[in-house]
Amino acid sequence: MDTTADVHPVDEVPPARQLAAFGLQHVLAMYAGAVAVPLIVGGAMKLSAADLAYLITADLLVCGIATLIQCVGFWRFGVRLPVMQGCTFAAVSPMVLIGTTQGGLPAIYGSVIVAGLAIMLLAPLFGRLLRFFPPLVTGTVILIIGLSLLPVAGDWAAGGAGAKDFGEPRNLALAGFVLAVVLGVQRFAPPFLSRIAVLLGIAVGLAVAVPWGFTDFDGVGQADWLGVSTPFHFGAPEFRGSAIVSMLVVALVSMTETTGDLIAVGELTGRPVAPRPLADGLRADGLSTVLGGVFNTFPYTAYAQNVGLVGMTRVRSRWVVAAAGGILVLLGLLPKLGAVVAAVPAPVLGGAGLVMFGTVAASGLRTLARVDFRGNDNLTVVAVSVAVGLLPVGVPTVYEGFPDWFRTVMNSGISAGCLTAIVLNLLFNHLPGKGGSAGVAAGSAVPAEPGGLPVGGGQ
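All figures in this text were calculated on a predicted structure; none of them were measured in a lab.

## Here's the deal with the overall build of the protein
In step 1: In terms of regular secondary structure, the protein is built from 18 helices and 2 strands.
In step 2: Within the protein, contacts between residues at least 6 apart in sequence are counted, and of these 82% link residues at least 24 apart.
In step 3: Accessible area of the protein: about 18600 Å², with a carbon and sulfur share of 68%.

Set out below in structure tokens:
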């Protein structure tokens, strides 16, 4: 008797050939972001080239382990959805400050370990907060995630932030070519090939980039064949109060972002995230962050760029992303292989990123289409939340004069927009309504979803 119909698409295991192709596609989608954090932090601390290479290989190794924990799961660790893990950008500024003024890498790793333990302890609490994420809030957060990622794709398409030829027409032409290949494959190729449209677009773009001088393979020759990250390579961790406090703020921001990403993946895969799996996913984040502090890397979170890839390809298997985690482990153990992947030019990634990140934003709009906007203030909730979320994206220095803890929270458009959406939803849809108002809080203006929850602000 055939029982495959009983298996949810999230739990399906594709053939090995497809697993490898789909997994590599996820790795290429997140690789640039994954190595950016160690490059930025190590560069700010003026580490040697050898130490920078060590940070990158350690990061890739723990990225892979963290992804396997999140996708495969064990006991109460892992959301068991197709979620890629990588270093959070929310920690970059605090870590640079800690590393340059408060004790170097050992002080960073001490604060990272404490933050990871705090995330594990707080995970059940965040799981209970899921009732504050109705479709009005989740759709808004997913929309903000997609829109806040688009400038990253734009930087890649223009040549990569800081590149000498940034904005050159040839960079944008290459990105446009890759975008055209991805769209063409997705539209006209057979089903399997259309699902690896991003991978094919990157491969064709790389093939075109090599003869036109976009690539630099010098790093491949210089990289070692084998590299193993050992615990506390840069010294025993130091636990400094000020460093720990700033990293705890980062932990709260990271948990907020991860909550939004896990909800988005649940929406895209047809397996909505319940409180317990959400807590398990956050607990996996905490464990991965502790491992990061031990194995010479940084705090970990779910990567939003891969959420877009899940939505675009409609490949919902968590085992595909687990395969990507296995590839990352190999890249972390084989630095020369990692250097080959790193040689993919930024414009090639930019062309693919435009599709993936736009897909995340479009998924948010699809969720918001289920929300009733008649006779209530839901439109205001979306409008203000998106505005607050995109403010630091459009004007990165807008909060320059504020304290470090405030900037850590608000400079992340995702966490700023998410917090705004939650607060405004409570304000307009849950507090007692004013006389003569739309009366959303009373429940009369918000129709119920098939599951019985109010669409606008139900609990």
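Now that the structure has been shown, the text picks up again.
## Examining the packing of aromatic side chains
In step 1: Across all of its chains, the model carries 7 aromatic pairs by this definition.
In step 2: Both rings, one in Phe 74 and one in Phe 77, keep their centres 5.1 Å apart while their planes meet at 20°; by these two values the pair is stacked.
In step 3: The interplanar angle of 75° and the centroid separation of 5.5 Å between the aromatic rings of Tyr 399 and Phe 406 together place this pair among those described as edge-to-face.
In step 4: Taken together, Phe 74, Trp 75 and Phe 77 form an aromatic cluster joined through their ring pairs.

## Describing helix H5 (residues 135-157)
In step 1: Between its first and last C-alpha, H5 extends 32 Å over 23 residues, near the 33 Å set by a 1.5 Å rise per residue.
In step 2: Counting buried residues in H5 gives 17 out of 23 residues, a clear majority hidden from the surface.
In step 3: Note on H5: the residue one or two positions beyond its end, Gly 159, has a positive phi of about 125°.

## Here we look at the nonpolar core
In step 1: Among the nonpolar cores identified, the biggest contains 114 residues, and Met 95, Ile 108, Val 198, Ile 202, Met 247, Phe 298 and Leu 328 are the most heavily contacted of them.
In step 2: Beyond its immediate chain neighbours, meaning those up to four positions away, Ile 202 contacts Leu 28, Val 178, Val 344, Val 348, Leu 349 and Ala 352.
In step 3: Judged by nonpolar contacts, the second largest core, of 10 residues, contains Leu 136, Val 371, Val 381 and Val 386.

## Digging into empty space enclosed by the protein
In step 1: As enumerated under the stated definition, the model contains 1 cavity of 30 Å³ or more in all.
In step 2: Of the voids in this model, the largest cavity is the one considered here, and its volume is about 40 Å³.
In step 3: Among the elements of the structure, helix H4 (104-128) and helix H10 (241-269) are those that each provide at least two residues to the lining of the largest cavity.
In step 4: For the lining of the largest cavity, the element with the highest residue contribution is H10, accounting for 4 residues.
In step 5: A class-by-class count of the residues in the lining of the largest cavity yields 6 nonpolar, 2 polar and no charged.

## Digging into unusual backbone geometry
In step 1: Within the chain, Trp 75 stands out as a residue other than glycine whose phi angle is a positive 50°.
In step 2: Tracing the backbone shows Trp 75 in the loop between helix H2 (49-72) and strand S1 (85-87).
In step 3: Residue class for Trp 75 comes out exposed when judged on its relative accessible area of 71%.
In step 4: Phi is positive for Phe 232, which is not a glycine, with a value near 55°.
In step 5: Looking at the secondary structure, you find Phe 232 in the loop between helix H9 (218-222) and H10.

The rules behind each value
- Residue positions are given per chain, counting from 1 as you read along its sequence in written order.
- The predicted nature of this model means local features are confined to residues of pLDDT at least 70 and side-chain atom pairs, given and counted, to a pLDDT of 80 or more, with totals for whole chains, interfaces and linings taken over all residues.
- The side-chain values count all of the structure's non-hydrogen atoms but skip hydrogen atoms and water molecules.
- To qualify as a helix, a DSSP run of H or I must reach at least 4 residues; to qualify as a strand, a run of E must reach at least 2; elements of each kind are numbered from the N terminus.
- We call two residues contacting when some pair of their heavy atoms lies within 4.5 Å.
- Surface accessibility in these figures is a Shrake-Rupley result with a 1.4 Å probe; residues are shielded only by whichever protein chains are displayed.
- Aromatic rings from Phe, Tyr and Trp, with only the six-membered ring used for Trp, were paired whenever their centres fell within 6.5 Å, and each pair was classed as stacked if the ring planes differed by under 30 degrees, edge-to-face if by over 60, and tilted otherwise.
- Working rule for helices: expected span equals 1.5 Å times residues minus one.
- Working definition: with a 1.4 Å probe on protein chains only, accessible area under 20% of the residue-type maximum means buried, over 50% means exposed, and in between means partly exposed.
- Residues grouped as a nonpolar core are buried Ala, Val, Leu, Ile, Met, Phe, Trp, Tyr and Cys residues, joined through side-chain atoms within 4.5 Å.
- Put simply, the grid is 1 Å and covers the protein atoms alone, a cavity is a trapped set of points that fit a 1.4 Å probe, a pocket is an open set with protein on both sides within 12 Å along at least five of seven lines, and lining residues have an atom within 4 Å of a point.
- Grid points are joined across faces, edges and corners, and a volume is the space filled by probe spheres set on the points.
- Residues are grouped as follows: Ala, Val, Leu, Ile, Met, Phe, Trp, Tyr, Cys and Pro are nonpolar; Asp, Glu, Lys and Arg are charged; every other residue, Gly included, is polar.

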